[in-house]
Amino acid sequence: MSKLQAARTGRVLALWCALGAAAFVLLPWYLPQNLSLLQSIGGVFGGTDTASGAVHALRHGRPWLLIGAVGLLMAAVSLVLLPAGRAQGRGLVLGAALGLAGLLGSGFAIGATGWAFEALNTRFGELPQGQYGIGLGGALVLLSLLVLLGAGLARMGAFRGDVFVAAAVVFCGALLALFVALPVLRALSGAAFTEDGALSAQAIVERIGNERVWGLGCLAGGGRCGVAWNTLWLALLTAAGTTVMGTAIALLSERGARRLGKPLNVLALLPIITPPFVVGLGLILLFGRAGLANQFMEWAFGIEPTRWFYGVFGIWLAQMFAFTPIAFMIMRGVVQGIAPSLEEAAQTLRASRTRTFMTVTLPLLKPGLANAFLVGFIESIADFGNPIIVGGQYAVLSTEIFFAIVGAQYDQGRAASLALILTVFALAVFVLQRKVLGTASYTTVSGKGDAGLPMPLPTPVRRSVVALALPWLAFTVVVYLFAFAGGFVQTWGRDYTPTLAHFRTAFDLQWGEHGLVWAGSAWNSLFTTLKLAGVAAPICAFIGLLIAWLLARTQFRGQGAFEFGALLAFAIPGTVLGVSYVLAFNVPPFELTGTGLVIVLCFVFRNLPVGVRAGTAAFKQLDPSLDEASAVLRAGTFTTLRRVVLPLLKPALVAALVYSFVRSMTTVSAVIFLVTAENELATTYIIGRVGNGDYGVALAYCTVLIVLMSLATALIQALVGERKLGRRAA
């Protein structure tokens, strides 16, 4: 590191020390109840609800908070008195570690009324003061200490001395530990406890090793398979199907007729911007016992209607609708990134287009295919909405977990045991994916000019892609036409009189004495959902792509666990994640239950894996020499990311932003236990209407959501734009 870079880094670290000190003195330390941030800042030197950390420590009987200030002071002294090097690094690590250990240790040990554990109460006596959940001041102090800890590790030689990389690894690792590992382990730990709270290894064996879970009757030629095998079989079918279909649509969009590119993108993304209720209802209207398909079979051939659709085929078809867009978004960026010069080189050596596609193009799609398969598999095993709606008697682990939590039995231990099986399945496929990709290079985007034209699809491949993609997209349109029609008729199935009454009920606008009145019953939930999803989406995309970059461009101990941690929240059903957030964040030091913030955090870390996988697939195509060339020109790591890498990741950025926003708008299971009267979401409003039998208003709301999310998706794509790879247009 040059002296100029060292001086610049030192100034940045000094600013982090100053930020931590300012937060300790000038911002509310605890999260105030029923007060906005502006209201609470006005009382930082006053009462216990809004006081800063310094005031709490010196005036309100909470001296343990001074440990954080001492840690910041030690780090600042090291920066001022010691030159950049190992000695300064040791000072930074010591100060930051002391501050973090003191604040987090006291945070978990001291609750709202005193010691959180009876053993501490017995050992040290009762505390006169307790404490509440950490607020903005405490969060910024912890963040500053994390950055200083990473900087200290870099100064000591870790992470090749790169302060930005070290701070990013420590920061992301802390986020994954706090908002993924802690709540998930809190929920899964219930598998090892009996109903009376005693630790027992036998409890896990009894809950997991039974006929209901692992029954092998179907493999022996009779009876039913257990729910674990049902889940695994369905997940493999769904992952394979969505990967193939997403790849076909991506190839047709990028290598087929250019005029069809934008319409194909819109149709391919339609299912992902739809509330989960719509696809299931549309499929039932088509294939259910009273659906059009059964009615036609009875009219044409005299076949009596049955429930043939409900089961593994129905779940698989619904999951294909739900998860194909994710595979498409991942594969579209990978297909775009293939360098035409590689295909032209093969054709120059007299390879046919078919041989070129099979030996050059298809192998270069391998990172995208592996990541799309992994995401499809994990989405399938964690999905419970589609199995409940169209599963019939076909039981899977996610539905068993759901009924164990919300059913009359409320067996949290059994739910945790079944969720543990899902986690093992996800880990197994994750390890398999890493072995498939191995250490092979898939670089196709380098700093060299590449003005070649992408090779048109070979005729057999083009015919196969068209035969797969176009009927699927047409089928998508049919399903949605049937589903949307319910919002524009009086009562579906009985009275088909056209009406807009359902829209007026939900979204009525009136002009009152004091101006415009949002009179519809759905406005509040819509505004709340848009606000929370709008906050969560950019945070999710930023963290996801940052983690992807760390995985692709750095090497450090524990990298495999770090990568799997980013997928862990995806591997368990949303209901389990929601319950785990309630359990983990219902007490100090992170007392967030009942706030909008806990919903935003759930959105971010539930949707994080798609950004990570899309970014990982994209980074596999970027030549590391681009980063190295920027470093040679004396650009820092952050500058390289902003000016060189990020512009080449635009497809992955769009995928992360679009997915995180629309899934935040349409998710149900993960937030069903987190919503409150003040933070009602669109999907909980829709589910409430469905529960009351008011399908017209529910479908009208779905129609409005789809229009809004289509506009949001188009806006995201317009703002981010397309990456420019210096290639000629066809």
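Residues numbered from 1 in each chain as written. Predicted model: local features only at pLDDT ≥ 70, side-chain atom pairs only at ≥ 80, totals over all residues. Heavy atoms only, no water.

Draft legend 1. Inspection of the overall build of the protein chain at higher detail. Check the secondary structure of the protein chain and you find 32 helices and four strands. Expressed as a percentage of the 730 residues in the protein chain, the buried residues total 54%. Considering only contacts in the protein chain between residues 6 or more positions apart, those separated by 24 or more positions represent 74%. Here the protein chain displays about 32,000 Å² of accessible surface, and carbon together with sulfur accounts for 65% of that area. (Helix = DSSP H or I, 4+ residues; strand = E, 2+ residues; numbered from the N terminus. Buried < 20%, exposed > 50% of the residue type's maximum accessible area, 1.4 Å probe, protein only. Contact = heavy atoms within 4.5 Å. Areas by Shrake-Rupley, 256 points an atom, 1.4 Å probe, with all protein chains shown as cover.)

Draft legend 2. How the structure looks around unusual backbone geometry. The omega torsion of the bond from Pro 588 to Pro 589 falls at 10°, within 30 degrees of zero and hence cis. Even without glycine at this site, Phe 159 takes up a positive phi of about 55°. Take Phe 159: it is sitting in the loop between helix H7 (136-155) and helix H8 (163-188). Even without being glycine, Arg 160 reaches a positive phi, approximately 60°. By the secondary structure assignment, Arg 160 is in the loop between H7 and H8.

Draft legend 3. Structural context of empty space enclosed by the protein. Enumeration over the complete set of coordinates arrives at six cavities of 30 Å³ or more. Space inside the largest cavity adds up to approximately 90 Å³. Along the walls of the largest cavity sit Asn 265, Leu 269, Phe 328, Met 329, Arg 332, Pro 651, Val 654, Ala 655, Val 658 and Gln 717, which together make up its complete lining. (1 Å grid on protein atoms, 1.4 Å probe; cavity = no way out; pocket = protein on both sides within 12 Å on 5 of 7 lines; lining within 4 Å. Points joined across faces, edges and corners; volume = space filled by probe spheres on them.)

Draft legend 4. Highlighting the environment of Val 645. In this structure, Val 645 sits in helix H29 (residues 637-645). Taking relative accessible area as the criterion, Val 645 reaches 4% and is therefore assigned buried. When the C-alpha atoms of Val 645 and Leu 622 are compared, they prove to be 8.4 Å apart, with 23 residues separating the residues in sequence.

Draft legend 5. Layout of the pattern of salt bridges. Applying the stated criterion to the full structure yields four salt bridges. Note that Arg 332 is salt-bridged to Glu 254, the shortest N-O span being 3.1 Å. Here Arg 332, found in helix H15 (residues 312-337), pairs with Glu 254, found in helix H11 (residues 227-255); they are 78 residues apart in sequence, far enough to count as distant. Glu 254 carries the same exposure label as Arg 332, and that label is buried. Linking Arg 255 and Glu 343 is a salt bridge whose minimum nitrogen-to-oxygen distance equals 3.1 Å. Here Arg 255 is found in helix H11, whereas its partner Glu 343 is found in helix H16 (residues 340-348), with 88 residues between them in sequence. (Salt bridge = Lys/Arg side-chain N within 4 Å of Asp/Glu carboxyl O.)

Draft legend 6. Molecular detail of the packing of aromatic side chains. Taken as a whole and judged by the stated rule, the model has 23 aromatic pairs. With centroids separated by 5.2 Å and ring planes inclined at 80°, the aromatic side chains of Phe 507 and Trp 523 adopt a geometry described as edge-to-face. In this pair, Phe 507 sits in helix H23 (residues 501-507) while Trp 523 sits in helix H24 (residues 523-553), placing the two residues 16 residues apart along the sequence. Note on accessibility: Phe 507 and Trp 523 belong to one class, buried. Here the aromatic cluster, defined as three or more aromatic residues joined through ring pairs, consists of Phe 507, Trp 518, Trp 523, Phe 527, Tyr 685 and Tyr 701. (Phe/Tyr/Trp six-rings, centres within 6.5 Å; stacked < 30°, edge-to-face > 60°.)

Draft legend 7. Here's a closer look at the side chain of Gln 88. Relative to the assigned elements, Gln 88 resides in helix H5 (residues 86-109). Here Gln 88 falls in the buried class, since its relative accessible area comes to 3%. The contact partners of Gln 88, leaving out residues within four places of it in the chain, are Ser 78, Leu 79, Leu 82, Pro 83 and Arg 155.

Draft legend 8. Structural view of the environment of Met 331. Note on placement: Met 331 falls in helix H15. Separated by 40 residues in sequence, Met 331 and Asn 371 have C-alpha atoms that sit 9.0 Å apart.

Draft legend 9. Highlighting helix H18 (residues 366-382). In a regular helix each residue adds 1.5 Å, so 17 residues correspond to 24 Å; H18 covers 24 Å between its end C-alpha atoms and thus fits that length. For H18, the tally of buried residues reaches 14 of 17 residues, placing the bulk of the element in the interior. (Expected span 1.5 Å × (residues − 1).)

Draft legend 10. Expanded view of the nonpolar core. With 215 residues, the main nonpolar core has Ile 547 and Tyr 581 as its most contacted residues. Apart from the residues lying within four places of it in its own chain, the contact partners of Tyr 581 are Phe 179, Pro 183, Thr 593, Val 598, Leu 601, Cys 602, Phe 605 and Leu 674. (Core = buried A, V, L, I, M, F, W, Y, C linked by side-chain atoms within 4.5 Å.)

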